[in-house]
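Remarks on the overall topology
Given next are the chains, with one letter for each unit.
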Amino acid sequence: MEKVLELDKVSVKFGGLVALNNVDMTLCRGEILSIIGPNGAGKTTLFNLLTGIYQPTSGKIIYKNRVINRLKPFKRVSLGIARTFQNTRLLKQMTVLENVLVAHAECNGETLLQSIFARGSTEKRRAAIVQECVAKLEVVGLADKLDILAGSLPYGEQRLLEIARALATGCEILLLDEPAAGMNATEKAELVKKIRQLSKEFNIEIILIEHDISMIMDISDRIVVLNYGEKIAEGSAEQIQSNPEVIKAYLGGEVEEA
Ligand SMILES: Nc1ncnc2c1ncn2[C@@H]1O[C@H](COP(=O)(O)OP(=O)(O)OP(=O)(O)O)[C@@H](O)[C@H]1O
């Protein structure tokens, strides 16, 4: 399978603390890859590393055959790596559509005014941008809420709006940080469907951090397990569920609770 992104023996140290230790990881074309591990395992550090907030202490991050270790976050977004956050970062006083338009504008060198009011660009161009943004909102199920203020959406829908904003950057790899946090079982099942659909429809790869194990098992093509900054396992849901080291480090308690 074609590799899109690769971590080659990547470590991240904060003083004496090794947050990631010699981690190898690949993301292949079209994959939904999940990162799991107990609290403090290094999952968020891995996302921060991929988005350029942190740089590796050693090792290489390779995206489409190019080493991107030192590339700034905005450059990575323009290259096609976008993320959502654990806590939503929406513009709560703006409408659903405006939130997506802003994300689109930020990544296409347009100003907010140009994007929203079409100043300096043609009506035709504006209509095309709006259509593109509405398409992102359709796939997350918010196309009927274009004029609603983001801050007044229920929390689950705010998280979906975050995903639409990330999609509007034109990303090729989408990093989702706990997308199901705060959702009930029905919303989670819907979210799984939507993530699969957007991966296919927009032809993008997805890396997911999520604490909900049954959702992870359901959605992932492949799972990487971190523990104390080390990759302790990698494989399909079936392989991970039956891996003794994973059960010991992470899944044991969860399995008993189910
Ligand atoms: N900027 C930082 N400075 C110092 N230590 C950090 C920093 N960021 C993360 N760490 C440490 O690195 C380790 C990994 O943290 P990280 O947040 O990546 O774990 P995590 O798997 O995302 O945990 P959680 O599931 O609780 O979010 C932890 O020991 C954490 O305290």
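Keep in mind it's a predicted model, so treat the numbers as computed, not measured.

Rules behind the numbers
Within every chain, residues take consecutive numbers counted from 1 along the sequence as written. Since the coordinates come from a predicted model, pLDDT governs what is reported: local features require at least 70, and pairs of side-chain atoms require 80 or more to be given and counted, while whole-chain, interface and lining totals use all residues. Only hydrogens and water are set aside; all other atoms, that is, all heavy atoms of the structure, feed into the side-chain values. Pairing between strands is defined by DSSP: at least two bridges between the two strands are required. Here a helix means four or more residues in a row that DSSP labels H or I, a strand means two or more in a row labelled E, and each is numbered from the N terminus. By definition in these notes, contact holds between two residues if any of their heavy atoms fall within 4.5 Å. Helix axes are fitted only over the stretch in contact, all axes being lines through C-alpha atoms; the angle between N-to-C directions runs from 0 to 180 degrees. Note that the domain bounds reflect an automated or database-derived domain assignment. A quick way to say it: buried area is the sum, across both parts, of accessible area lost when two parts are put together, with a 1.4 Å probe. We call a set of buried Ala, Val, Leu, Ile, Met, Phe, Trp, Tyr and Cys residues a nonpolar core when their side-chain atoms join them within 4.5 Å. Exposure is judged per residue with a 1.4 Å probe applied to protein chains only, and the accessible area is read against the type maximum: over 50% gives exposed, under 20% gives buried, and values in between give partly exposed. Any residue with a heavy atom positioned within 4 Å of a molecule or strand is treated as near that molecule or strand. In protein, a polar contact requires one atom able to donate a hydrogen and another able to accept it; more generally it is a pair of N or O atoms within 3.5 Å, and residues adjacent in sequence count only if both atoms are side-chain atoms. Areas reported here follow the Shrake-Rupley algorithm with a probe of radius 1.4 Å; residue values treat only the protein chains shown as occluding. For this classification, Asp, Glu, Lys and Arg are treated as charged, while Ala, Val, Leu, Ile, Met, Phe, Trp, Tyr, Cys and Pro are nonpolar and the rest, including Gly, are polar. Whenever a carboxyl oxygen of Asp or Glu lies within 4 Å of a side-chain nitrogen of Lys or Arg, that contact is scored as a salt bridge.

1. A short note on the sheet that holds strand β2 (residues 17-28)
The antiparallel open sheet is built from four strands, whose spatial order is β2-β1-β4-β5. The outermost strands of the open sheet, each flanked by one partner alone, are β2 and β5 (66-67). Judged from the five bridges that link them, strand β1 (residues 3-14) and strand β4 (residues 58-63) form a sheet pairing that is antiparallel. Its bridge partner lying in β4, D8 is registered against K60. Lying on the sheet, helix α1 (residues 43-50) is in contact with β1, β2 and β4; it crosses β1 at an angle near 120°.

2. Focus: the domain arrangement of the chain
What the domain assignment reports for the chain is domain 1 (1-80 + 171-258) and domain 2 (88-170). A separation of 26 Å is found between the C-alpha centroids of domain 1 and domain 2. Contacts between the two partners involve 18 residues from domain 1, matched on the other side by 15 residues from domain 2. For the pairing of domain 1 and domain 2, the buried interface totals around 1300 Å² over both sides, and the portion due to carbon and sulfur atoms is 70%. Its largest share of buried area at the contact with domain 2, domain 1 owes to C171, K194 and F202, together 37% of the area lost on that side.

3. Digging into the nonpolar core
L137, L161, L174, I195 and I206 are the most contacted members of the largest nonpolar core, which has 51 residues in total. Contacts of I195, omitting those with residues within four sequence positions, involve I32, L176, P179, I206, L208, M215 and I219.

4. A closer look at the site of the ligand
Close to the ligand lie 14 residues, the nearest being G40, G42, K43, T44 and T45. Taking G42, its main chain carries an N or O atom lying 2.9 Å from an oxygen atom of the ligand. Relative to its free-state accessible area of 630 Å², the ligand is covered by the protein chains to the extent of 63%. Secondary structure elements with two or more residues in the shell around the ligand: β2 and α1. Counting residues per element, the shell around the ligand draws most heavily on α1, which supplies three residues. Looking at the shell around the ligand residue by residue, the class counts come to six nonpolar, seven polar and one charged.

5. Overview of the pattern of salt bridges
For the structure on display, the rule yields 14 salt bridges. For R83, the salt bridge identified is with D177, shortest N-O distance 3.3 Å. Linking R83 in strand β6 (residues 81-83) with D177 in strand β7 (residues 173-177), this pair joins segments that are 94 residues apart in sequence. A residue is classified by how much of its surface remains accessible, and D177, at 2% relative accessible area, is buried. Within this structure, E31, R222, K231 and E234 form a network of salt bridges that share partners.

6. A few points about the side chain of K194
On the secondary structure map, K194 appears in helix α7 (residues 185-201). When its relative accessible area of 16% is taken as the criterion, K194 is described as buried. Other than its neighbours up to four places away in sequence, K194 contacts V139, V140, G141 and L160.

7. Regarding the environment of N99
Within the element layout of this structure, N99 appears in helix α3 (residues 96-107). Judged by relative accessible area, N99 falls into the buried class, the value being 0%. Taking C-alpha positions, N99 is 9.5 Å from L146, a pair spaced 47 residues apart along the chain. With sequence-adjacent residues up to four places away left out, N99 is seen in contact with L90, L91, M94, A150, L161 and R165.

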